[in-house]
Amino acid sequence: MSEILKKTFPGFMVLGLVLSVFMLGCPAGSGGQMVGVAMPTQSLQRWNQDGAYLKDKLEAAGYQVDLQYANNQVATQVSQLENMITKGCKVLVIASIDGTALKGVLEKAGAAGIKVIAYDRLIKGTANVDYYATFDNYLVGKIQGDYIVNKLGLKDGKGPYNLEVFGGSPDDNNAFLFNQGAMDQLKPYIDSGKLVINSKQSDMKQIAIQSWKAETAQARMDNLLVGFYSGKKVDVVLSPNDSLAQGIVASLKAAGYGTAAKPFPVLTGQDCDKINVKMMLAGEQSMSIFKDTRTLAERTVTMVGEIMSGKTVTVNDTKSYNNDVKIVPSYLCEPVFADKDNYKKLLIDTGYYTEADLK
Ligand code: BGC
C-alpha cells in the first residue's frame, strides 16, 4: 500500500499543481465560459477602447472572450455573430452597425439559449435582445443643446445666430435620440428667430450622415458653406459626435474660418476622441460629450456576471427603450460634457488620457 502511495504521490502533486494554475486563471463562478463581443469598427477611437476594456475586464473576471470588429459591414457582423453562436458563447455583447439588421441571427442565439446585451446602440425589431447597456442618449443631445444655449447667451436674448445642424447615421437608433435631445433645447430659439438655419435643413432625412463618416460630413459642410454662406458666417454647428466634427472643422478651415474676422463657430461633439480633445484645445471645437467607456464596460461586465450566475440583472430604466417588439430593460450611464476648461479634471486626473496623449 505504502509503495502505491509513493508511486502515485508525484502524480497527485502534478494534478494539484495543474488544477491550481487553472483555477487561478478562472476566478470562482465564471467557469471560463465564453463571451462574444461584437464591435462595429476600428476606424473610430472609441470602439477600439470599448473593445479593449471589455476584453480586459471580462478576462479578469475569468471569461474567455471572442472580440470581433466588423469594419462597419453588416454582413460581416452577422457572420461574426453566427461564429460566436457556433463556438458556444453564452452571452453576446453587441454594438450593432445597423440596429435593425440582426433579427435573423439573434433568432438563432435565442434558440440556443444565448443571452444578448445590446451595447451602446439599441438592437431593434427582435425579441431576442435581453438587456441594453448604454449612456443616456437623449441626455447626450440635451447637454449639447444646453451647451449651445448657454454659450451663445440665448436665454439673455442674444442673437440672431446662424445655425447648421448635422445628424448621425440613420441606421443607428442613437442618432435620433441625440438629435431629439438637442433640438428640444434649440427649437424655441429657432421658432423665435434667434437661431436661423439658412439651409432650412433640419430633418434627419436631410442632415443624417451615413456610417458617421467624417468625409461625408465634410462634403455636406462644404455644400452648406458654398450654397448658403457666401457673404455670411455660420455661428454655430450642432454636430452629434466627434467624427462628424472632424469633417466639419476640415471644411471650415478650407473655407477660411479660424481667424479673428471669421472665428470658428460654436461646435459640439461627442466621445472625447484624442483628436477632438486636441481640436478643443486649439479652439476649433467647443465641447465634446464625455462618455467614460470604462464605466460602460464595467457595467456590461457586471451584467454578464449577473446573467452567468443566474442573478437578477441590475437595470435602472424599464420604460425608455422600446425596440418595436418589446421594451428592453436598460442600464443608462450618465454622460457629461468636456471642454477646454474642465478636460483636465475629467480626462487627465481620472487617468483616461495622459497629458502626452493630447500633445
Ligand atoms: C455612439 C457614439 C459614436 C457614434 C459613431 C454612436 O452610436 O453612441 O458614441 O460617436 O455611434 O460611432
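We now turn to the structure provided with this report. (Residues numbered from 1 in each chain as written. Predicted model: local features only at pLDDT ≥ 70, side-chain atom pairs only at ≥ 80, totals over all residues. Heavy atoms only, no water.)

Looking now at the overall build of the chain. Within the chain, the regular secondary structure consists of twelve helices and twelve strands. Projected onto the principal axes, the alpha-carbon positions of the chain cover approximately 100 × 45 × 35 Å. Across the 359 residues of the chain, 52% fall into the buried class. Sequence-distant contacts in the chain: of pairs separated by 6 or more residues, those separated by 24 or more amount to 72%. Carbon together with sulfur atoms contributes 56% to the accessible area of the chain, which is approximately 16100 Å² in total. Treating the 38 positive side-chain charges of the chain as one cloud and the 37 negative ones as another, the clouds have centres 1 Å apart. (Helix = DSSP H or I, 4+ residues; strand = E, 2+ residues; numbered from the N terminus. Buried < 20%, exposed > 50% of the residue type's maximum accessible area, 1.4 Å probe, protein only. Contact = heavy atoms within 4.5 Å. Areas by Shrake-Rupley, 256 points an atom, 1.4 Å probe, with all protein chains shown as cover. Lys, Arg positive; Asp, Glu negative; His and termini not counted. Charge placed at Lys NZ, Arg CZ, Asp CG, Glu CD.)

A separate point is the layout of surface pockets. Reported here for the largest pocket is a volume of approximately 300 Å³. Every residue lining the largest pocket is counted, 18 residues in all, and those nearest its centre are S43, L44, W212, A214 and S243. Elements with a contribution of two residues or more to the lining of the largest pocket: α2 (45–60), α8 (214–228) and α9 (242–254). Of the residues in the lining of the largest pocket, the class split is five nonpolar, nine polar and four charged. (1 Å grid on protein atoms, 1.4 Å probe; cavity = no way out; pocket = protein on both sides within 12 Å on 5 of 7 lines; lining within 4 Å. Points joined across faces, edges and corners; volume = space filled by probe spheres on them. Nonpolar A, V, L, I, M, F, W, Y, C, P; charged D, E, K, R; others polar.)

The environment of the ligand is made up of 13 residues, and the closest members are R46, D120, R121, D172 and D271. Side-chain polar atom of W47 to an oxygen atom of the ligand: 2.9 Å apart, as the coordinates give it. Residue N241 places a side-chain N or O atom 2.9 Å away from an oxygen atom belonging to the ligand. For the ligand, whose free accessible area comes to 310 Å², the fraction covered by protein is 99%. Here the ligand occupies the largest cavity. Classifying every residue of the shell around the ligand by side-chain character gives four nonpolar, three polar and six charged. Here the shell around the ligand gathers at least three residues from each of two domains, domain 1 (33–129 + 292–333) and domain 2 (137–291). (Near = heavy atom within 4 Å. Polar contact = N/O pair within 3.5 Å; in protein donor to acceptor, adjacent residues only side chain to side chain. Sits in = over half its atoms within 2 Å of the grid points. Domains from an automatic or database assignment.)

Here is the key point about a regular strand: its side chains alternate between the two faces of the sheet. Within strand β6 (residues 161–165), four of the five residues are buried, leaving the element largely enclosed by the surrounding structure. Across two bridges, β6 lies against strand β7 (residues 195–196) in parallel orientation. Residue pairing across strands places N162 opposite V196, the latter belonging to β7. For the crossover from β6 across helix α6 (residues 173–191) to β7, the handedness is right-handed. Pairing between β6 and strand β8 (residues 236–238): three bridges, direction parallel. Its bridge partner being in β8, E164 is matched across the sheet by V237. (Pairing = 2+ DSSP bridges. Right-handed = clockwise from strand over helix to strand, strands pointing away.)

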